[in-house]
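An overview of the molecular structure
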Amino acid sequence: MSIDLTHASCAYLGSRALSGEGVDHGSIGWVALTRDGDEGALEWLAVSCSSDPFTKVALDATSVIATSSAGRVWTFPRDAPQQVRITADPAYPWPHG
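No experiment lies behind these values; they were computed from the predicted model shown.

The rules behind these values
Residues numbered from 1 in each chain as written. Predicted model: local features only at pLDDT ≥ 70, side-chain atom pairs only at ≥ 80, totals over all residues. Heavy atoms only, no water. Pairing = 2+ DSSP bridges. Helix = DSSP H or I, 4+ residues; strand = E, 2+ residues; numbered from the N terminus. Axes fitted to C-alpha atoms, helices over the stretch in contact; angles between N-to-C directions. Contact = heavy atoms within 4.5 Å. Buried < 20%, exposed > 50% of the residue type's maximum accessible area, 1.4 Å probe, protein only.

1. Some points on the sheet that holds strand E3 (residues 29–35)
Here we have four strands laid out as an open sheet, ordered E1-E2-E3-E4, and antiparallel in their pairing. The sheet is open, and its two edges are formed by strand E1 (5–12) and strand E4 (41–48), each paired on a single side. Ignoring which end each strand starts from, the neighbouring axes of this sheet average 15 degrees apart.

So this is what it looks like as structure tokens:
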């Protein structure tokens, strides 16, 4: 799977969050956390096969927050990304019904 297409990047206190899409299929999105000063050393990478691309990303002391083009906000705790929480983007609410 290719994850070469980056849509967004955000730096915070020596770390960088990046997000994008898998070019093999339009429903694949990815989010990564790297260390800026260590040649961009990868801390973790999350790939979703059904999220749609992640077009926005934000980073703070505790979380990486990525927004998908499907209108979902994925909040990854920096130290436990497997505990991701997915919510609706208020600007693009989930369809009801």
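2. What about the environment of alanine 70?
Note that alanine 70 resides in the loop between strand E6 (63–68) and strand E7 (72–77). When the C-alpha positions of alanine 70 and phenylalanine 54 are compared, they lie 8.6 Å apart, and in sequence the two are 16 residues distant. Residues within four places of alanine 70 in sequence aside, it is in contact with Ser51, Asp52 and Tyr92.

3. Notes on unusual backbone geometry
The phi dihedral of leucine 13 is positive, around 45 degrees, even though this residue is not glycine. With respect to the secondary-structure elements, leucine 13 resides in the loop between E1 and strand E2 (15–21). The exposure class of leucine 13 is exposed, given its relative accessible area of 75%. Backbone geometry at aspartate 52 places phi at a positive 75 degrees, although glycine is not the residue there. Turning to its location among the elements, aspartate 52 is positioned in the loop between E4 and strand E5 (54–59). Looking at aspartate 52, the relative accessible area reads 27%, which means it is partly exposed.

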